[in-house]
Amino acid sequence: MRLWTMAVAGLGGAALALSLSTLTANAQESDWEKKPYIIEDGKVDYGTYNGYRRYHNTCHVCHGPDALGSSFAPSLKDSLKTMSYTDFLEVVTNGRQAKGAANQDSVMPSFAENGDVMLYIDHIYAYLKARSDDAVGRGRPERLPPEEDVVFQEWKESQ
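All of these numbers come straight from a predicted model, not from anything done at the bench.

Conventions and cut-offs
Residues numbered from 1 in each chain as written. Predicted model: local features only at pLDDT ≥ 70, side-chain atom pairs only at ≥ 80, totals over all residues. Heavy atoms only, no water. Helix = DSSP H or I, 4+ residues; strand = E, 2+ residues; numbered from the N terminus. Buried < 20%, exposed > 50% of the residue type's maximum accessible area, 1.4 Å probe, protein only. Areas by Shrake-Rupley, 256 points an atom, 1.4 Å probe, with all protein chains shown as cover. Contact = heavy atoms within 4.5 Å. Patch = residues over 30% accessible without salt bridge, like charges linked within 9 Å, V, L, I, M, F, W, Y side chains within 5 Å. Salt bridge = Lys/Arg side-chain N within 4 Å of Asp/Glu carboxyl O. Lys, Arg positive; Asp, Glu negative; His and termini not counted. Charge placed at Lys NZ, Arg CZ, Asp CG, Glu CD. Axes fitted to C-alpha atoms, helices over the stretch in contact; angles between N-to-C directions. Parallel < 35°, antiparallel > 145°, perpendicular 65-115°, else oblique. Left-handed = near helix turned anticlockwise from the far one by under 90°. Nonpolar A, V, L, I, M, F, W, Y, C, P; charged D, E, K, R; others polar. Pairing = 2+ DSSP bridges.

Per the secondary structure count, the protein chain includes seven helices and five strands. Within the protein chain, the fraction of its 159 residues that count as buried is 31%. With an accessible surface of roughly 10200 Å², the protein chain has 55% of that area assigned to carbon and sulfur atoms.

Written out as structure tokens, the structure is:
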């Protein structure tokens, strides 16, 4: 009986440890969603900088420079104040059709097959979230030196 109790207690401990690691991972992901960028002395991390580049390569055509919107599409600077990462990913991946001002159709195409967008979607989100939080101003942001940039170091190690 004692062996059974120890085995159950051991499994309970493993389940508790697994639950705690899941909670920690979820908390870290939640923190990332709220602030997916790093800014030190006005300089942004590699991901945010790359997000700026990717945004201005593709997204700005409709959503305007610096994510301020245009006559074709809304300001993403404003949209990301209330839009979650999951919702952002859903819209970028699958597109969206909605009624805009004056009851006109508004269509955002799917970018699911666009590697320049989907491979860097986290970077684009980081840039837009930094713009939304007023952490990054208009124009090209300055970038942290690579040796001081943990995001760049992680990327470099993954290559």
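The rest of the description comes next.
By secondary structure assignment, the location of L128 is in helix α6 (residues 121-132). Classification of L128 by relative accessible area gives buried; the value is 0%. Ignoring sequence-local partners within four residues, the contact set of L128 consists of Y55, A67, L76, L80 and F88.

Taken together, E40, D41, E147 and E148 make up a surface patch of like negative charges. Its place among the elements puts E147 in the loop between β5 (142-143) and α7 (150-158).

With that out of the way, let us pick up the packing of helix α4 (residues 85-94) against α6. One can describe the packing of α4 onto α6 by two numbers: an axis separation of 11 Å at closest approach and a directional angle of 120°. Judged by the inter-axis angle, α4 sits oblique to α6. Pair α4 / α6 crosses with right-handed handedness. Between α4 and α6, the contacting residues are Y85, F88, L89 and V92 on the first element and I121, D122, I124, Y125 and L128 on the second. A per-class count over the contact of α4 with α6 returns eight nonpolar, no polar and one charged.

Moving on, we get to the sheet that holds strand β2 (residues 43-44). An order of β1-β2-β5 is seen for the three strands of this open sheet, with the pairing classed as mixed. Looking along the sheet, the strands with just one partner apiece sit at the ends: β1 (39-40) and β5. Inspection of the sheet shows β2 paired to β5 by two bridges, in the parallel sense. Each bridged residue has a counterpart across the sheet, and for K43 the counterpart in β5 is E142.

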